[in-house]
Amino acid sequence: MQKLKWGINKLYRGLRLYSSARSYKQWKLLIQHLYRRCLGDRIPDLITIGLTYRCQCNCVHCSSNVPNRGNTVELETGQVKALIDQAIKLGFIRVTFFGGEPLLRKDIFELIRYANQAGMITRVNTDGWLLTRELVTRLKDAGLSLCDVSIDDPDPQRHDTLRCLQGLYEKAVEGIRLLKEYNILCQIVTYASKRNITTGLEQIIHLGRELGVLAVSIVFPMATGCWFDSFDVLLTEEEKEKVRNLGDAHFVHVEIPSPHSRCSVVKKSALY
């Protein structure tokens, strides 16, 4: 039943995304992708590109945290565009830009526009700190399809503490309101932890409904990045089941819908 709800939820969000598409090229790529899948071609649909390790936050759970991450060499604009071109040739139809904080890249609008004009559904993962009216306007003009905004805890102070950036919660919530005002689809992304099962997650879901986001997406913690070798943060099967029970067919999306589900990378539907 949970996998069925997960499947309906994914289909519902996909329909919402494409119903808001403003380019016939997006529908064209989708039809070509589905046609190739029907012919048995096992092509992924999503490519996620890490644009930078730079970030305003220093999250306790960051999976991208590496030593001297601010000094790492970033892909140049032309290299990212070449990746997008290759992805489209391979049959990808969606691209997610993440980091770090991808909105710190000065060329983020150019990259979104490039992917959008090529027919891809475009998505950005952000902490929300930079979501001002001016920036949201530029995201809209560039053709952004979906914006993920992270909310780690329903308590503003706790959220800011977890991300080591005071005032972030309020900026993230205001950013969501601006995205809604400019008709950019938005979803809240959060992670399940031993501290928030299930009351904290339920409060975040309630917040998402109040703000009118597309969905609340819940991911499970992993022993990587800042939590490398921290296996004590991993959820037990009983705790995971409590999280899965929060999922529904329209609004709450749980990353791994059953104990036997494979992640998107393992089942080859996504490439990072």
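Just so it is clear, the structure is predicted and the values come from calculations on it, not from any experiment. (Residues numbered from 1 in each chain as written. Predicted model: local features only at pLDDT ≥ 70, side-chain atom pairs only at ≥ 80, totals over all residues. Heavy atoms only, no water.)

Enquirer: How would you explain helix α3 (residues 77-90) if you had to name every residue and give the values?
Expert: For α3, built from 14 residues, the straight-helix expectation of 20 Å at 1.5 Å per residue is met to within 8% by its first-to-last C-alpha distance of 20 Å. In this fold, the buried residues of α3 make contact with β1 (46-50), β2 (94-98) and α4 (108-117). Looking one or two residues beyond α3, the residue adopting positive phi is Gly 91, at roughly 110°. (Helix = DSSP H or I, 4+ residues; strand = E, 2+ residues; numbered from the N terminus. Expected span 1.5 Å × (residues − 1). Contact = heavy atoms within 4.5 Å.)

Enquirer: Residue-level account of a nonpolar patch on the surface, with values.
Expert: A cluster of nonpolar side chains, Met 1, Leu 4 and Ile 8, forms an exposed patch at the surface whose accessible area comes to about 340 Å². Turning to its location among the elements, Met 1 is positioned in the segment before α1 (2-19). Taking relative accessible area as the criterion, Met 1 reaches 73% and is therefore assigned exposed. (Patch = residues over 30% accessible without salt bridge, like charges linked within 9 Å, V, L, I, M, F, W, Y side chains within 5 Å. Areas by Shrake-Rupley, 256 points an atom, 1.4 Å probe, with all protein chains shown as cover. Salt bridge = Lys/Arg side-chain N within 4 Å of Asp/Glu carboxyl O. Buried < 20%, exposed > 50% of the residue type's maximum accessible area, 1.4 Å probe, protein only.)

Enquirer: Run through the pairing of strand β4 (residues 146-150), naming residues and quoting values.
Expert: Among the five residues in β4, five count as buried, and that is most of the element. Across four bridges, strand β3 (residues 121-126) lies against β4 in parallel orientation. Paired with Asn 125 across the two strands is Asp 148, which belongs to β4. Regarding topology, helix α5 (residues 133-142) serves as the crossover connection from β3 to the parallel β4, and that connection is right-handed. Here five bridges tie β4 to strand β5 (residues 185-191), and the two strands are oriented parallel to one another. Paired with Cys 147 across the strands is Cys 186, a residue of β5. (Pairing = 2+ DSSP bridges. Right-handed = clockwise from strand over helix to strand, strands pointing away.)

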